[in-house]
Amino acid sequence: MKAIIIDDERLARAELKKLLQDFPEIEIIDEAANAEEGITKIESQHPDLIFLDIQMPGKTGFDMLSQLERTPQVIFTTAYDEFALRAFEVNALDYLLKPVEPKRLADAIQKLHFAETKEPGSETENFNNSILTENDQVFVKDGERCWFVKLSEIRLFESVGNYAKVFFGNNKPLILKSLNALEERLDEKTFFRANRKHIVNLRMIDKIEPYFNGGLLLELKGGEKIEVSRRQTVKFKEMMSL
Amino acid sequence: MDTLQLETLIKELELKTIKAHINPHFIFNSLNSIRALVEENPQRAREAVTELSNILRSSMQVEKAETVSFEKELDIVKDYLALENMRFEDRLKIEYDIDEDTLDQPVPPMMLQTLVENAIKHGISKQINGGVVKIISDFKDHYHELTVQNTGYLNGYSNTEGFGLSSTTNRLSLLYGDKAKFEIKQVNPTLVEAKVQIPVNTV
């Protein structure tokens, strides 16, 4: 598993690297000293995992995550930060307190999902086109709540001005992304632009009914009813080869 | 309230104020850095343990309404800065401009340390490339003036907000009534200055 350590203190990074020597399944491929450096390195090197310090100069760890297109798995670190600790607890996020206890590090690593084995060919494919697939996760923050959501769990994106409402589970938080931007990055085999305001996860469709003017009405697993415009209905039928 | 209740209350308050003067983020970060240094630079690690121990001890003496010599306070501040240098390395630069004659002036313990800690917390640690902290001690009119300057911005926290700073105001008025002054402001677009003026002890 490839990992990057992000912490503004050199000694803290060194200390964590030393502890990770006991976990040969984790390979530290790089380090970053602030959020900007972190974003650059994550987007160019695609680590599976990052160790992320919450308190850094400039952007905080949470801000950095919100900016990433797709987030790797994250283990947060902090020396002491009341607000962060509360956010971690409330949102069941994995975190380590510095100085890190080896046993707690072992527990956190145990909980990680060791990646679906990638066939040698597909690795370059994945990196070259940055289309997000169902197994990718995104970081979503809404006020005090935050989540790591697998794309496969998202039923629906609904446009709200410059934002998009993300429907998953019982939640509907907003993210600062336009529907057009999302459409470019989402795999069109799974995520379908039903109309100007909605992108639908095709696997979350419960019912399909014909609708006015040659359109369709989709009912999703969460009960949402989404109209498919006539133009998009043509595409839809092609895709489903009906 | 009977004596027992009163005693318990006093002990609770003492503990609260001690806790308030100890910055856990600083302590745990320092311990983490020291652990890293144990193998990388054992000599420095040993020194750092002593520095941290001095600071903890000094924190516990804060509420005793006593004063310490400025020289002693400056030693504690230097210990504190040595530990912060472990964290920030070359992102933190310190400058001193100390009038020798101020060294035996009595000052409230951990007051200068609080100002320096704030300078680092709100100034230096917020800048990606760090910055400079300057400590100035001199006599002005009938005052002993302690000034801490740091590169950075005063956004978000005004005059005396933040626990450390409001405690500074309280302690000054407890010890000196309205004869002491405390002010913090942005002196130019990139420089913040905190200044304490204590009436001179002419003994």
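Reading the values: the criteria
- Residues numbered from 1 in each chain as written.
- Chains lettered and ligands numbered in written order.
- Predicted model: local features only at pLDDT ≥ 70, side-chain atom pairs only at ≥ 80, totals over all residues.
- Contact = placed C-beta atoms within 7 Å.
- Helix = DSSP H or I, 4+ residues; strand = E, 2+ residues; numbered from the N terminus.
- Nonpolar A, V, L, I, M, F, W, Y, C, P; charged D, E, K, R; others polar.
- Expected span 1.5 Å × (residues − 1).
- Buried ≥ 20, exposed ≤ 12 C-beta atoms within 10 Å, placed from the backbone.
- Pairing = 2+ DSSP bridges.
- Axes fitted to C-alpha atoms, helices over the stretch in contact; angles between N-to-C directions.
- Domains from an automatic or database assignment.
- Parallel < 35°, antiparallel > 145°, perpendicular 65-115°, else oblique.
- Left-handed = near helix turned anticlockwise from the far one by under 90°.

This paragraph deals with the interface of chain B and chain A. Where interface size is given, it is often the accessible area lost as the parts come together that is meant. Contact residues are listed per partner, giving 18 residues for chain B and 14 residues for chain A. Broken down by secondary-structure element, the contributors of at least two residues to the side of chain B that touches chain A are helix H2 (24-40) and helix H4 (70-88) of chain B. Top contributing element to the side of chain B that touches chain A by residue count: H2(B), with 11 residues. Among the residues making up the side of chain B that touches chain A, the classes are represented as 7 nonpolar, 6 polar and 5 charged.

Now for H2(B). Relative to the 24 Å expected for 17 residues at 1.5 Å per residue, H2(B) spans 24 Å between its end C-alpha atoms, a close match to the ideal helical length. The set of residues buried in H2(B) consists of Phe26(B), Asn29(B), Ser30(B), Asn32(B), Ser33(B), Ile34(B), Ala36(B) and Leu37(B). In this fold, the buried residues of H2(B) make contact with helix H1 (10-20) of chain A together with helix H3 (42-60) and H4 of chain B.

What follows deals with the pairing of strand E7 (residues 145-150) of chain A. Residues and elements named next belong to chain A. Pairing of strand E6 (residues 137-142) with E7, which is carried by 6 bridges, proceeds in the antiparallel orientation. By the bridge assignment, Asp142 is partnered in E7 with Arg145. Taken together, E6 and the strand that follows it, E7, pair antiparallel across an intervening segment of 2 residues, in which Gly143 is found at a positive phi of about 65°.

All names here are of chain A. The parallel open sheet is built from 5 strands, whose spatial order is E2-E1-E3-E4-E5. Strands at the two margins of the open sheet, each flanked by one partner only, are strand E2 (27-32) and strand E5 (95-97). Going from strand to strand, the sheet's axes swing by 20° on average, the running direction of each strand aside. Bridge count between strand E3 (residues 49-53) and strand E4 (residues 73-78): 5 bridges; the pairing is parallel. From the neighbouring strand, Leu49 faces E4, where its bridge partner is Gln73.

With that out of the way, let us pick up the domain arrangement of chain A. Residue and element names in this part refer to chain A. Its domain assignment divides chain A into domain 1 (2-125) and domain 2 (143-240). Distance from the C-alpha centre of domain 1 to the C-alpha centre of domain 2: 31 Å. Contacts between the two partners involve 6 residues from domain 1 and, on the opposite side, 6 residues from domain 2. In the side of domain 1 that touches domain 2, the residues fall into 3 nonpolar, 2 polar and 1 charged.

Right, let's talk about the packing of H1(A) against H2(B) for a bit. For the pair H1(A) and H2(B), interaxial distance at closest approach is 8 Å and the crossing angle is 70°. In terms of their interaxial angle, H1(A) and H2(B) are classed as roughly perpendicular. The two elements H1(A) and H2(B) cross, and the hand of that crossing is left-handed. Where H1(A) approaches H2(B), its residues Leu11(A), Ala12(A), Ala14(A) and Glu15(A) are matched on the opposing element by Asn32(B), Ser33(B), Arg35(B), Ala36(B), Leu37(B) and Glu40(B). Residues belonging to the contact of H1(A) with H2(B) are distributed by class as follows: 5 nonpolar, 2 polar and 3 charged.

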